[in-house]
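Fold and geometry: a report
Given next are the chains, with one letter for each unit.
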Amino acid sequence: MRGGANDKIIQVFHFTKEPLRTHRIPFKFVIKAVSILNVNSCAPSITLRNERKRFLEGEICNCTSGIIAKPQYIEYNNVILSDYGLTDELLGLDHVDKTGHQAIANSILPDLGYEIEDFQYYTWQITNWSSLEKRITSPEFEAGGWKWRILRFPHGNNDDSYVSIYLEFSDPIDALADLHCCAQFGLLLWNPENPAFYASQNSHHRFTAEEQDWGFARFYAQNKLFIPSDNQPHPLIKNNTCNITALVRIIKDPTGVLWHNFKNYDSKKVTGYVNLKTHGATNYLNVELQLLYSIKYFRKAIYQIPTEYDESNKSIPLAIQNIFYKLQVSNTYVETTELTNSFGWNPSDCYTSHDVQEFDSVLLDNLEGKLKDTTADGVISELFVGKMKSYARCVNINYENSLIDNYYDIQLEIKGCKTLNDSFLKYIHEESCEGNNQYQTGIYGLQDAKKGVIFE
């Protein structure tokens, strides 16, 4: 590519993270003497040998020959070149290698099983480690629409034998007044001359106005920072220079309480509901009552049971009515002692785990009896009784044996199932009866068949 006598030719080379390690084929810009080259004009595309070459995902940096190892990255509103007196100007196109950072994140961050809304990384370049203040923060970066910083105590946070590093939420405190952000993150300390050798820690946290930073008071021992280890040619910090990288996954919080510590938690304000107080091992009881309470027609039916002459602590319907009423109007947790007393339990019985299916069956039978001859008679069956058809259908002859039963509940297998729908599909999956496992039809003898269940 040729330019005029007064034109400027700039070499452009490709690299990823380390300018001294180039790849691909370098190319050139010709800048006409009448123009000023601006990133806005070159970032979308450039013309090279009559082909359109796009900068897919990269950062442009200004590298003069004297400081090629320390590129100065250019913002999209900065002028790249305005002084034609410079003769050793170079541009570098740093290809943002998010795939590589994703791979590193996958290797050091465990799979927590939650949906990841966003993944970002940021590297903080440090050139004066020994002269840094006791507490120092990196420039801000964004992840998940929030602003973050790396918080570092070069000489430790209350323990000078370790370097302390944290991830800090840096948006204004009032931005998190009633909000939160769940993040899984990894922090890496590494030498730019030997990126394969690094020290790392990982964690996850619910960032709130009360807890804006999270990390590691004992990230790495001070006495190991400046000496090579593990057969590495370089220490983590050499010539007072190192990099710290933050790998941040923003985790979706569908329930609103993921990783919540429940300090000063106002469930009424957040969800519109209050919880039930647990006594011993009554968690299953509380879950059952909350589920039943959330069914509007069941709640209305319970209120229609006549209990005006019932004795407190001996009437199950009266106890449930009181619990449901308090769940509606109370701003704090609700006691269940009246209900457990109505079961005839003493305090020690509350520390015994009961079978939840059996408990559910006994409770609903009791309430169904109390609802007889009321305006809500039969509502238990209408709400909770379903019909299921069990069948065996022969493959080679026209024969089917089936039975329809009522059911109050079913047991679903959850192992290996990611969703409730997967569990239902596994429950109704047909079983093949063939070979040594043929189905006995009686009059037709053993036959190949399909067995399964269908919800009516």
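The shown structure was predicted, so the numbers you read here are calculated from the model rather than taken from an experiment.

So, the nonpolar core
- Membership of the largest hydrophobic core comes to 33 residues, with the highest contact counts inside it found for Trp 148, Phe 219 and Val 248.
- Elements with a contribution of two residues or more to this core: strand S10 (116–126), strand S12 (141–143), strand S13 (146–153), strand S14 (162–169), strand S15 (181–191), strand S16 (194–207), strand S17 (213–221) and strand S18 (242–251).
- Phe 219 has contacts with Val 163, Ser 164, Ile 165, Leu 187, Leu 188, Leu 189, Ala 199, Ser 200 and Gln 201, leaving out every residue within four places of it along the chain.
- Judged by nonpolar contacts, the second largest core, of 30 residues, contains Tyr 293, Phe 298, Leu 339 and Phe 359.

Topic: the side chain of Thr 282
- For Thr 282, the position within the fold is in the loop between helix H3 (267–271) and helix H4 (283–293).
- Filtering out sequence-adjacent residues up to four positions away, Thr 282 remains in contact with Lys 277 and Cys 350.

Considering the pattern of salt bridges
- Inspection of every chain in the model, using the stated rule, returns 13 salt bridges.
- For Arg 206, the salt bridge goes to Asp 253, with nearest N and O atoms at 3.3 Å. You can see Arg 206 sitting in strand S16 and its partner Asp 253 sitting in the loop between S18 and H3, a full 47 residues away along the chain.
- Exposure remark for Arg 206: the relative accessible area of 8% places this residue in the buried category.
- Beyond isolated ion pairs, a larger network of salt bridges with shared partners links Arg 135, Glu 140, Arg 149 and Glu 168.

What to know about unusual backbone geometry
- In the Ramachandran plot, Asn 158 falls in the positive-phi region, its phi being about 70 degrees despite a non-glycine side chain.
- Along the chain, Asn 158 falls in the loop between S13 and S14.
- Among the residues examined, Asn 158 registers a relative accessible area of 77% and is labelled exposed.

Quick look at the sheet that holds S15
- The antiparallel open sheet is built from four strands, whose spatial order is S10-S18-S15-S16. The two strands at the open ends of the sheet, each matched to only one other strand, are S10 and S16. Neighbour-to-neighbour, the strand axes of the sheet open up by a mean angle of 15 degrees, direction not taken into account.
- Sheet topology note: the S15/S16 ladder contains eleven bridges and is antiparallel. Looking at the pairing, Leu 187 lines up with Gln 201 of S16.

Conventions adopted
Residues numbered from 1 in each chain as written. Predicted model: local features only at pLDDT ≥ 70, side-chain atom pairs only at ≥ 80, totals over all residues. Heavy atoms only, no water. Core = buried A, V, L, I, M, F, W, Y, C linked by side-chain atoms within 4.5 Å. Buried < 20%, exposed > 50% of the residue type's maximum accessible area, 1.4 Å probe, protein only. Helix = DSSP H or I, 4+ residues; strand = E, 2+ residues; numbered from the N terminus. Contact = heavy atoms within 4.5 Å. Salt bridge = Lys/Arg side-chain N within 4 Å of Asp/Glu carboxyl O. Pairing = 2+ DSSP bridges. Axes fitted to C-alpha atoms, helices over the stretch in contact; angles between N-to-C directions.

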